[in-house]
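Overview (structure and organization)
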Amino acid sequence: MMNNRIQLGSKEILEKDFKTAMRGYNQEEVDEFLDIVIQDYEAFGQEIDRLKQEINKLKKSSESQGRTRSTNPMPQQVNYDVLKRLSNLEKAVFGSKYANADS
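Residues numbered from 1 in each chain as written. Predicted model: local features only at pLDDT ≥ 70, side-chain atom pairs only at ≥ 80, totals over all residues. Heavy atoms only, no water.

**Topic: the overall build of the chain**
Helices and strands together make up the secondary structure of the chain, namely four helices and zero strands. Expressed as a percentage of the 103 residues in the chain, the buried residues total 3%. (Helix = DSSP H or I, 4+ residues; strand = E, 2+ residues; numbered from the N terminus. Buried < 20%, exposed > 50% of the residue type's maximum accessible area, 1.4 Å probe, protein only.)

What follows is the structure in structure tokens.
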């Protein structure tokens, strides 16, 4: 899974201390940037959790629909009323030539 590749959590990023040197980075600038990274990291984590929940919900829905279909298959029946209406419609559209061709 993707979790095996994640090396830092938002807590580790927040608690990271950098050593200062004489000509090092501006500590406030680094802290501000890390704050943004932490916020994004947490937002991505929340989005991943939401998507996992949605996947599980869809899987459950799919499984329940599959069980419903397999346990209660729809019977194959012919609706003669619909066939008769279709035949009458064809006759009306194509005229008497079509009606005589059936006979």
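**Quick word on a negative patch on the surface**
A surface patch of negative charge is lined by Glu12, Glu15, Asp17, Glu28, Glu29, Asp31, Glu32 and Asp35. Elements supplying a minimum of two residues to the negative patch: helix 1 (10–15) and helix 2 (27–71). Top contributing element to the negative patch by residue count: helix 2, with five residues. In this fold, aspartate 31 is placed in helix 2. Overall, the relative accessible area of 38% leaves aspartate 31 in the partly exposed class. (Patch = residues over 30% accessible without salt bridge, like charges linked within 9 Å, V, L, I, M, F, W, Y side chains within 5 Å. Areas by Shrake-Rupley, 256 points an atom, 1.4 Å probe, with all protein chains shown as cover. Salt bridge = Lys/Arg side-chain N within 4 Å of Asp/Glu carboxyl O. Lys, Arg positive; Asp, Glu negative; His and termini not counted. Charge placed at Lys NZ, Arg CZ, Asp CG, Glu CD.)

**Points about helix 3 (residues 80–94)**
Its 15 residues place the ends of helix 3 21 Å apart at the C-alpha level, agreeing with the 21 Å of an ideal helix rising 1.5 Å per residue. Trailing helix 3 by a residue or two, glycine 95 shows a phi angle of about 85°, which is positive. (Expected span 1.5 Å × (residues − 1).)

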